Amino acid sequence: MNDYIELLALSYFRKKQNNYEIHELMQILGFGQQQIDELIQKLITKNFIEYNMNLLQVTEKGLNYLLTLNCNNCDLNEDSYELFKLDKENVLSISNPYVPEKFLKKI
Amino acid sequence: MRWNSNQFDNLDSKLLKFSEDFDIWFEQFPKDNKALVEILLNHFEYYSHQEVNKQLKELYSQLKENFKIEEENTIFSFIKSKDGISNSSNDYWNEFKYENNINCNLCYENINVIEGFQWKFIDNIVFVDDCIGTGNSFISFLLPNVLKFKNKNLFFVTIHAMVDGIKEIKKFGIDNDINIIIIKYRSENKAFNSDYFSNNEDAIDDVMKMSLGFKIPKNQILGYKESQSLMAFYNNTPNNTLGFFRYNTDNYVSIFPRINSKKPSWQNMKKSKNNRNNLNYLIRRNKKSE
């Protein structure tokens, strides 16, 4: 699990490059302050990320790690997970109960 | 616009948007106001993420060299928002810690967890934040803990500080026996308290008229409590900045819009109740006077 979270964070830094925000990463991962501190510290200690020109950037070692796990093109942007087959205009409101087809016949 | 360092060589997303939208934004101003906007823009400070981090590193060096702070008697913290909800301002504190490799045992998200007997070992408390506007946020933050800070050194590390805000904080420190030292990258006077215009009163009138024309609320035009600042950061624009740089309306789009996340209704209940009470009071008073 921890490796997976490290992978997500690393993908985030690779994708966002100079436009990363720690706060945004915290929100994506649902992390609190202490958790994010530990995660960043771990990534720095493992030499996956480092400060380069005053910004946190993925190191060559970090990029290789992403490559070996075939995650070099992972995108944390939620749009990429959008369900394109979902007909947004006809979705039920959350307050409406879903009644399966021919439900009454089955009672 | 005063572009810090070599920002044009490496545009961040906000500057890229600025360069793309500039012409459309500038077109919105009446012909007579364009010169005024240009002057204000010339003195505007934009701080990219890279510039912020560079200065946070530099300011930490200054802190270590000039004040000889040691791990044994120093803690680091940040100014929490009034509602206690973490926001993008926390990133200044985060980057300050990571970039300067500060011992995590010295960093406190909440200084209230420090027990009473531990305070006598702490001489220096370092706070990190993006800017000082009126100084109100820092003073409101210190007020409940004023006894804990008595006779201690409080260092406020910040990127951009308004001169009036610094004065307020210093005065608060003197009144409460707290030695407050501001470690800043840049300090500025109010926009219309500087020498940018030959007649500041006329310039204020012009900005007021122009902004009201854009339907910017009156209390937003000169910034929070009229702090008249000219600054924006990579992650947000402080409410101290002149309204027309950051406030969007139905008929005006600003160039550095402030990010205001929508709050759930229950967080505004107290405010709504106060507003209702005030309104009822005014109605009753008006009826009596009739």
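Every value quoted in this text rests on a predicted model; they were computed, and no experiment measured them.

Rules used in this analysis
- Residues numbered from 1 in each chain as written.
- Chains lettered and ligands numbered in written order.
- Predicted model: local features only at pLDDT ≥ 70, side-chain atom pairs only at ≥ 80, totals over all residues.
- Heavy atoms only, no water.
- Pairing = 2+ DSSP bridges.
- Helix = DSSP H or I, 4+ residues; strand = E, 2+ residues; numbered from the N terminus.
- Axes fitted to C-alpha atoms, helices over the stretch in contact; angles between N-to-C directions.
- Contact = heavy atoms within 4.5 Å.
- Salt bridge = Lys/Arg side-chain N within 4 Å of Asp/Glu carboxyl O.
- Buried < 20%, exposed > 50% of the residue type's maximum accessible area, 1.4 Å probe, protein only.
- Buried area = accessible area lost by both parts, 1.4 Å probe.
- Arc of directions from axis to C-beta.
- Core = buried A, V, L, I, M, F, W, Y, C linked by side-chain atoms within 4.5 Å.
- Parallel < 35°, antiparallel > 145°, perpendicular 65-115°, else oblique.
- Nonpolar A, V, L, I, M, F, W, Y, C, P; charged D, E, K, R; others polar.

Trainee: Please set out the sheet that holds strand S3 (residues 74-78) of chain B residue by residue, giving values where relevant.
Mentor: All names here are of chain B. Read across the sheet, four strands follow the order S3-S4-S5-S6 without closing on themselves; strand pairing throughout is parallel. Edge positions in the open sheet fall to S3 and strand S6 (179-188), since each of these has one partner strand only. Averaged over all neighbouring strand pairs, the angle between strand axes comes to 20 degrees, with direction disregarded. Contacting S3, strand S4 (124-132), strand S5 (153-162) and S6, helix H3 (residues 49-67) crosses the sheet at an angle of about 145 degrees to S5. Lying on the sheet, helix H7 (residues 163-175) is in contact with S4, S5 and S6; it crosses S6 at an angle near 175 degrees.

Trainee: Requested: an account of the pattern of salt bridges, with residues and values cited.
Mentor: All names here are of chain B. Enumeration over the complete set of coordinates arrives at nine salt bridges over all chains. One salt bridge connects Arg 186 with Glu 188, and the closest N-O pair in it is separated by 3.9 Å. Here Arg 186 and Glu 188 have matching classes, each one buried. A single network of salt bridges, built from pairs that share partners, joins Glu 45, Arg 186 and Glu 188.

Trainee: Which residues make up the interface of chain B and chain A, and what values go with them?
Mentor: Counting residues at the interface gives 23 residues for chain B and 16 residues for chain A. Roughly 1700 Å² is buried in total at the junction of chain B and chain A, and carbon and sulfur atoms are behind 46% of that figure. A per-residue breakdown of the area chain B buries against chain A is headed by His 49, Gln 50 and Tyr 98 of chain B, which together make up 34% of the total. Viewed at the interface, chain A and chain B are joined by one salt bridge.

Trainee: So what about unusual backbone geometry? Which residues, and what values?
Mentor: Residue and element names in this part refer to chain B. Of note, the phi angle at Asn 101 is positive, near 50 degrees, even though the residue is not glycine. You can see Asn 101 is positioned in the loop between helix H4 (90-99) and S4. We note that Gln 228 has phi near 50 degrees; this positive angle belongs to a residue other than glycine.

Trainee: Give me the lowdown on the pairing of S4 of chain B, citing residues and values where you can.
Mentor: Residue and element names in this part refer to chain B. Of all nine residues in S4, nine are buried, a share of seventy percent or more. Bridge analysis of S3 against S4 gives five bridges, and the strand direction is parallel. For Phe 78, the partnering residue across the bridge sits in S4 and is Val 128.

Trainee: Could you give an account of the side chain of Thr 241 of chain B, naming the residues involved and the relevant values?
Mentor: Relative to the helices and strands, Thr 241 of chain B is located in the loop between strand S7 (231-233) and helix H10 (243-246). Among residues more than four places away in sequence, those in contact with Thr 241 of chain B are Phe 44, Gln 220, Gly 223, Ser 229, Met 231 and Arg 246 of chain B.

Trainee: Provide a residue-level description of helix H2 (residues 34-42) of chain B, including the pertinent values.
Mentor: Here H2 of chain B has its buried residues at Lys 34, Leu 36, Val 37, Leu 40 and Leu 41 of chain B. Buried residues in H2 of chain B, looked at end-on, bunch into an arc of 160 degrees, giving them a common side.

Trainee: Before we move on, can you summarise the nonpolar core with the specific residues and values?
Mentor: One finds Trp 25, Leu 40, Phe 76, Phe 192, Phe 244 and Phe 245 of chain B to be the most contacted residues of the largest nonpolar core, which totals 58 residues. Look past the residues within four positions of Phe 192 of chain B in its chain and what remains in contact with it is Leu 40, Phe 197, Asn 200, Ala 203, Ile 204, Val 207, Leu 222, Gln 228 and Leu 242 of chain B.

Trainee: Describe the environment of Met 210 of chain B, with residues and values.
Mentor: Residues and elements named next belong to chain B. Mapped onto the secondary structure, Met 210 falls in helix H8 (residues 200-213). Separated by 181 residues in sequence, Met 210 and Phe 29 have C-alpha atoms that sit 7.8 Å apart. Every residue in contact with Met 210, bar those within four places of it in the chain, is listed here: Phe 29, Pro 30, Asn 33, Val 37 and Phe 244.

Trainee: Give me the lowdown on the environment of Phe 67 of chain B, citing residues and values where you can.
Mentor: Residues and elements named next belong to chain B. With respect to the helices and strands, the residue Phe 67 is situated in helix H3. Residue Phe 67 is classed as partly exposed on the basis of its relative accessible area of 34%. Sequence separation of Phe 67 and Asp 205 is 138 residues, and the distance between their C-alpha atoms is 44 Å. Apart from residues no more than four positions distant in its own chain, Phe 67 is found in contact with Gln 62, Phe 155, Ile 181 and Ile 183.

Trainee: Describe in detail the environment of Ala 232 of chain B, supporting the description with residues and values.
Mentor: Within the element layout of this structure, Ala 232 of chain B appears in strand S7. Residues in contact with Ala 232 of chain B, not counting those within four places in the same chain, are Phe 44, Glu 45, Tyr 46, Tyr 47, Thr 237, Pro 238 and Phe 256 of chain B.

Trainee: Residue-level account of the packing of helix H2 (residues 22-29) of chain A against H4 of chain B, with values.
Mentor: Two numbers describe how H2 of chain A lies on H4 of chain B: the axes approach to 8 Å, and their chain directions differ by 105 degrees. Classified by the angle their axes make, H2 of chain A and H4 of chain B are roughly perpendicular. Touching Ile 22, His 23 and Met 26 of chain A of H2 of chain A are Asp 91, Asn 94, Glu 95 and Tyr 98 of chain B, all from H4 of chain B. In terms of residue class, the contact of H2 of chain A with H4 of chain B is built from three nonpolar, two polar and two charged.

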